[in-house]
Amino acid sequence: MEQINNESEPRYWEKMRLVADVLRNSDAPVVIIAHEDPDGDAVGSTLGLARALRQLGREVWWVVDPPRFLRFLAREGEIHEPVDELPDDAILVVLDSGDRHRAVGAPVTGFVINIDHHGSNSRFGQIHIVDPAKAAAAQMVKDLIDSLEVEWTEDIATPVLTGLITDTGNFRFGNTTPEVLETAAELVGHGVNLAELTDRLQWRPPQYFKLMGMVLSTVQFHFGGLAVTAHVTREMSEEAGSGEEDSDDFVGVIRYAEGSYVAAFLKEREGATKVSIRSRPGVSAQNIAVELGGGGHVPAAGATLEGLTIEEAYPVVLAAIEKELQRAGLLG
Ligand code: AMP
Ligand code: MN
Ligand code: MN
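Treat the numbers as computed from the prediction; the structure is a model and nothing was measured. Residue numbers here run from 1 along each chain, matching the order of that chain's written sequence. Whichever chain is written first is A, and whichever ligand is written first is 1; the rest continue in order. A pLDDT threshold of at least 70 governs which residues receive local features in this predicted model, and a stricter bar of 80 or more applies before side-chain atom pairs are shown or counted, although totals over entire chains, interfaces and linings include all residues. Side-chain calculation: all heavy atoms of the structure are included, whereas hydrogens and water are not.

A.B. asks: What's the story with the overall build of the protein in this structure? I'm lost.
C.D. replies: Secondary structure elements follow DSSP: runs of H or I of four or more residues count as helices, runs of E of two or more count as strands, with numbering from the N terminus. From N to C terminus, the protein includes eleven helices and twelve strands. For the protein, whose C-alpha radius of gyration is 20 Å, the value lies close to the compact-globule estimate of 20 Å for 332 residues. By its C-alpha atoms, the protein is 55 × 40 × 40 Å across when sized along the principal axes. Classification of residues uses two cut-offs on accessible area relative to the type maximum, computed with a 1.4 Å probe and protein chains only: under 20% is buried, over 50% is exposed, and between them is partly exposed. The 332 residues of the protein split such that 54% are buried. Look at the contacts in the protein between residues 6 or more apart in sequence, and 63% of them connect residues 24 or more apart. We get accessible surface area from the Shrake-Rupley algorithm with a probe of 1.4 Å; when it comes to residues, only the shown protein chains can shield them. Working note: accessible area of the protein is about 14700 Å², and carbon and sulfur atoms make up 50% of it. Neither His nor the chain ends is counted toward charge; the positive residues are Lys and Arg and the negative residues Asp and Glu. Note that the charge is assigned to NZ on lysines, CZ on arginines, CG on aspartates and CD on glutamates. Charge centroids of the protein, computed over 28 positive and 52 negative side chains, lie 3 Å from each other. Each radius of gyration is computed over the set of C-alpha atoms, and the globule rule expresses the reference value as 2.2 Å times the number of residues to the power 0.38. Whether two residues are in contact is decided by their heavy atoms, any of which lying within 4.5 Å being enough.

A.B. asks: When you look at the side chain of Thr162 in this model, what are you seeing that I'm missing?
C.D. replies: For Thr162, the position within the fold is in helix H4 (residues 154–167). The exposure class of Thr162 is buried, given its relative accessible area of 0%. Ignoring anything within four residues of it in the chain, the contact list for Thr162 reads Gly40, Leu70, Leu73, Leu197 and Leu201.

A.B. asks: Sorry, what's going on with a negative patch on the surface here?
C.D. replies: On the surface, Asp84, Glu85, Asp88 and Asp89 cluster together to form a negatively charged patch. Mapped onto the secondary structure, Asp84 falls in the loop between strand E2 (60–62) and strand E3 (91–95). A patch consists of residues whose relative accessible area exceeds 30% and which take part in no salt bridge; residues with like charges are grouped when within 9 Å of each other, and nonpolar side chains (Val, Leu, Ile, Met, Phe, Trp, Tyr) when within 5 Å. The rule for a salt bridge is simple: a side-chain nitrogen of Lys or Arg has to be within 4 Å of a carboxyl oxygen of Asp or Glu.

A.B. asks: Which parts of the structure should I look at to understand the packing of helix H3 (residues 137–148) against H4?
C.D. replies: A pair of packed helices is captured by two measures, namely the crossing angle of their axes and the spacing between those axes. Where H3 meets H4, the axes come as close as 8 Å, and the angle between the chain directions of the two elements is 150°. Together, Ala138, Gln139, Val141, Lys142 and Ile145 of H3 and Ile156, Val160, Gly163 and Leu164 of H4 make up the contact between the two elements. Note on residue categories: nonpolar means Ala, Val, Leu, Ile, Met, Phe, Trp, Tyr, Cys or Pro, charged means Asp, Glu, Lys or Arg, and polar means any other residue, Gly included. For the contact of H3 with H4, the residue count by class is six nonpolar, two polar and one charged. As a rule, the C-alpha atoms of each element are fitted with a line to give its axis, helices using only the stretch in contact, and angles between N-to-C directions run from 0 to 180 degrees.

A.B. asks: Help me understand unusual backbone geometry, please; the structure alone is not making it clear to me.
C.D. replies: Residues other than glycine predominantly adopt negative phi, and peptide bonds predominantly adopt the trans conformation. Even without glycine at this site, Asp37 takes up a positive phi of about 45°. Inspection of the secondary structure puts Asp37 in the loop between strand E1 (30–35) and helix H2 (40–55). Overall, the relative accessible area of 35% leaves Asp37 in the partly exposed class. For Glu149, which is not a glycine, the phi torsion comes out positive at approximately 60°.

A.B. asks: I would appreciate a short explanation of the coordination of the manganese ion (ligand 3) in the present structure.
C.D. replies: Reference values for angles at a metal are 109.5 degrees in the four-donor tetrahedral case and 90 or 180 degrees in the six-donor octahedral case. Any N, O or S atom lying within 2.8 Å of the metal counts as a donor, and for Na, K and Ca the limit rises to 3.2 Å; water is left out, so some sites can look incomplete. Coordination of the manganese ion (ligand 3) by the protein involves Asp41 (OD), Asp96 (OD), His117 (NE2) and Asp167 (OD), with metal-donor separations of 2.1 to 2.3 Å. The sequence pattern describing where the donors of the manganese ion (ligand 3) fall on their chain is D-x54-D-x20-H-x49-D. Between the manganese ion (ligand 3) and the manganese ion (ligand 2), both coordinated by Asp96, there is a metal-metal distance of 3.5 Å. With Asp41 in helix H2 and His117 in the loop between strand E5 (111–116) and strand E6 (127–130), the pair connects residues that are 76 residues apart, well separated along the chain. His117 shares its class with Asp41; the two are buried.

A.B. asks: I would appreciate a short explanation of the sheet that holds strand E9 (residues 262–269) in the present structure.
C.D. replies: The pairing of strands in a sheet comes from backbone hydrogen bonds and takes either a parallel or an antiparallel form. Spatially, the six strands line up as an open sheet ordered E7-E8-E9-E10-E12-E11, and their pairing is mixed. The sheet terminates laterally at strand E7 (220–222) and strand E11 (295–296), the two strands that pair on one side only. In this analysis, strands are considered paired if DSSP registers two or more bridges between them.

A.B. asks: Just to check I follow, could you spell out the nonpolar core for this structure?
C.D. replies: Generally speaking, soluble globular proteins have nonpolar side chains that are buried together. In this structure, Leu23, Ile32, Leu49, Val93, Ile115 and Leu144 are the most contacted members of the largest nonpolar core, which totals 48 residues. Aside from chain neighbours lying at most four places away, what touches Leu144 is Met16, Val19, Ala20, Leu23, Leu49 and Ile115. Nonpolar core, defined: a set of buried Ala, Val, Leu, Ile, Met, Phe, Trp, Tyr and Cys residues in which side-chain atoms within 4.5 Å join the residues together.

Next comes the structure, spelled out in structure tokens:
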């Protein structure tokens, strides 16, 4: 895979100021979108920027459909419907997406600003700020909002902090740098109630827990326990009465299997199987995902296996995991 260097410090801030100038000095609507299946960073970074720009009096279309557990972040009427065609002269801001094809909500055409932290970013923006050293797109949006010189409010800080919390696994993953904690402290200083926010982010409906019981019965260990897998089928979701998005954080549960280096969670989709992969240091979830035609970050990545049922996807996923465990020197 192509190695994309992190932005150098001065260049990073120079580009932030450039983006801030573009966003401040144009009268055209700003359309803000993120990747499909938006997570806390996708929702939080885009909503934070949308609110900051509105505070500057800009017309903003926030075209993101948050999953249920994140919907509390948005206010009534704040969500814009997906658009087939961009308004004239619109500036399209694509956050937390490393690939134009993963971005949803509006066609990725015209003048595109892409701010992202995926190592696999294809650099599709007319202006792009790509920094895989950043823990979250929300961290970069925090820097952009500072560059815009918008006055921070709890309303702006809450979604931005959400992006930091979710992409660092509640400040537990390896990407939890001093910068992340300093930024979080600053955002809490702007009035966010951290205890309330982290609690709210963990709320799940009753059917989630029913589904979890079924999912846990699919847990399997492979390669002497170096890898752990589980899955959810549509039938299981239906039986539990839950929606597709209820299964989104099960990979975060099984990844704590003692002795495992890789966790893979398979989800049945229409004509496809979606795989979420997590790994411990020394092993790259990203390598496994790339092998499967997907992408992401070293510790957390994913892929969609088109045309494969869960049953058919298992051997393909396990072969990719085996290859990576061998590369890491954990398997002969
Ligand atoms: P998930 O599988 O949704 O838990 O995603 C984990 C990480 O991998 C996130 O940063 C996603 O943006 C990224 N990711 C998931 N699926 C893909 C894919 N098909 N292509 C590129 N990146 C992906
Ligand atoms: Mn994301
Ligand atoms: Mn992210």
